[in-house]
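# Understanding the architecture of this molecule
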Amino acid sequence: MTFTELQKILEKKFGAIRLADIAKELDVTPQVVSNWKARNQVPYKYLKALRAKIEDIDKSSKVLYGNQDGVTNSDSKILSDDSFSEIQSIIKNISYFLKSFLKYKNVILSITFFCSLASFIFFRFYADPVYISISKILPISGGGDNGNGNALMAVAKNFGVGGGAQASGLSSALMFPEIIKSRRLSRNLIEYEFITEKHGKKLPLINILLGSKNDSAKWSEDQIKYATFKAQKMITVSQIKNSPLLVLSVSAFEKQLSADISDAIIEILSKIANKFKLSQIKEKKAYISNRMIQVESDLVGIEENLKVFRERNRKIIKSPTLLLEQERLMRDVQVQTQMYITLKTQYEMAEIE
């Protein structure tokens, strides 16, 4: 038989097209199949083995499926061969799995038992429980005031956050997560005192984190940094998609402690925002006050110039030049007066804030 004929038979019966697939079906190496192709001749012993293999498959197909109406024997054989090969593959895989399990069942069951026992003992007797308190924060409305935007930029700068939020005010939910997770806020947090069931009295958070009941202990800088780091790890903050709301999560070893820490964080955040807002208002007030003194001085000078001009030029109706000069002086007085009124209004608003 020529190799071309063999190739057609294998493609029809087994779907083998590549040389590697043909070699696998005939249990030979791809090099041998390549030699057959070069000579276009196949040894008889391999044809005999192939014929026996096809007959076995045909018999199995008849037992499983039999002849169906409207389907020729040759088509039925091809269909049944493919299905039977799939079933054989599935049965072979299941059989291999079962044999492997039965062979190593003692090892598998022993490992499973000891892992389960170790996990139970660890979580029952050694692992500390973790309670999570979740709070939702709605950032305060800044009303579009530039002062609030400057305040937030000042807050961000002091907390080591980049100054890329020029268009954001204190109502921006983008900056709050960075401030909440900042080292400075955690540094303030570890100084707050909390009551825990474990220690039985009110202690600063740094004592709770470092496991000391001495509330008057002096801490080194390294200990403070370590406590600050642990406090930061307890805090998680995220933003709800398409919403200004922030979700603050605080984990601790006691339920009430996690809730108290969450309240303390919100309180510190509110104090920080108010502190920097007040600082900005004070700076604004001082600037307006100095500017008012200067504008008032300029206004008095321009008014004095207008008065002198009118005293010296009592009959200016017939002089276009004098009329034009008077209009210019009056316009300067009006401009300075309007500036003074605006500054005075802003100063009173700052006083109210």
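Our structure's up above, just so we're on the same page.
To start, this report covers the structure provided alongside it.

Cut-offs and rules
- Residues numbered from 1 in each chain as written.
- Predicted model: local features only at pLDDT ≥ 70, side-chain atom pairs only at ≥ 80, totals over all residues.
- Heavy atoms only, no water.
- Helix = DSSP H or I, 4+ residues; strand = E, 2+ residues; numbered from the N terminus.
- Buried < 20%, exposed > 50% of the residue type's maximum accessible area, 1.4 Å probe, protein only.
- Contact = heavy atoms within 4.5 Å.
- Salt bridge = Lys/Arg side-chain N within 4 Å of Asp/Glu carboxyl O.
- Axes fitted to C-alpha atoms, helices over the stretch in contact; angles between N-to-C directions.
- Parallel < 35°, antiparallel > 145°, perpendicular 65-115°, else oblique.
- Nonpolar A, V, L, I, M, F, W, Y, C, P; charged D, E, K, R; others polar.
- Core = buried A, V, L, I, M, F, W, Y, C linked by side-chain atoms within 4.5 Å.
- Left-handed = near helix turned anticlockwise from the far one by under 90°.
- Pairing = 2+ DSSP bridges.

Residue position: serine 262 is located in helix H12 (residues 255-312). Its relative accessible area of 0% is what places serine 262 among the buried residues. The residues contacting serine 262, other than those within four sequence positions of it, are Ser133, Ser135, Leu248 and Val250.

What follows covers the pattern of salt bridges. Oppositely charged side chains can pair when the atoms bearing their charge come close. Applying the stated criterion across every chain yields a total of four salt bridges. Across the salt bridge formed by glutamate 221 and arginine 187, the nearest N and O atoms sit 3.5 Å from each other. Linking glutamate 221 in helix H11 (residues 221-234) with arginine 187 in helix H9 (residues 183-189), this pair joins segments that are 34 residues apart in sequence. Relative accessible area serves as the criterion here: at 30%, arginine 187 is assigned to the partly exposed category. Across the pair lysine 285 and glutamate 351 runs a salt bridge, and its minimum N-O distance is 3.0 Å.

This part takes up unusual backbone geometry. The backbone phi angle of asparagine 242 is positive, close to 55°, even though this residue is not glycine. Secondary-structure assignment places asparagine 242 in the loop between strand S4 (235-239) and strand S5 (246-252).

What follows is about the packing of helix H1 (residues 3-14) against helix H2 (residues 19-26). Put simply, H1 and H2 touch, their axes get as near as 11 Å, and they point 80° apart. By the angle class used here, H1 and H2 are roughly perpendicular. For the pair H1 and H2, contact is made by Phe3, Leu6, Gln7, Leu10 and Phe14 and by Leu19, Ile22, Glu25 and Leu26, respectively. Here the contact of H1 with H2 is composed, by residue class, of seven nonpolar, one polar and one charged.

Moving on: the nonpolar core. Ranked by internal contacts, the top residues of the largest apolar core, which has 31 residues, are Leu189, Ile261 and Ile265. Elements represented by at least two residues in this core include exactly helix H8 (176-180), H9, helix H10 (205-210), H11, S4, S5 and H12. Considering every element that reaches this core, the biggest residue donor is H12, with eight residues. When sequence neighbours within four positions are dropped, the list of residues in contact with leucine 189 reads Phe194, Leu205, Ile235, Ile261, Ala264, Ile265 and Ile268. Membership of the second largest hydrophobic core comes to 16 residues, among which are Ala16, Leu26, Val33 and Ile54.

Once that is clear, we can look at the packing of H12 against helix H13 (residues 320-352). One way to put it is that H12 packs onto H13 with a least axis distance of 8 Å and a crossing angle of 155°. Classified by the interaxial angle, the pair formed by H12 and H13 is roughly antiparallel. Where H12 crosses over H13, the handedness of that crossing is left-handed. When the residues that make up the contact of H12 with H13 are grouped by side-chain class, the tally is 17 nonpolar, six polar and eleven charged.

A separate point is the sheet that holds S4. One open sheet holds the three strands; their spatial order is S1-S5-S4, and the pairing between them is antiparallel. Of all the strands in the sheet, just strand S1 (131-137) and S4 have a single pairing partner and so form its edges. On average, each strand axis in the sheet is inclined to that of its neighbour by 20°, with strand direction left out of account. The pairing of S1 with S5 spans seven bridges and is classified as antiparallel. Considered in S5, the bridge of isoleucine 134 is made with serine 249. Packed onto the sheet, H11 meets S4 and S5 and runs at close to 40° relative to S4.

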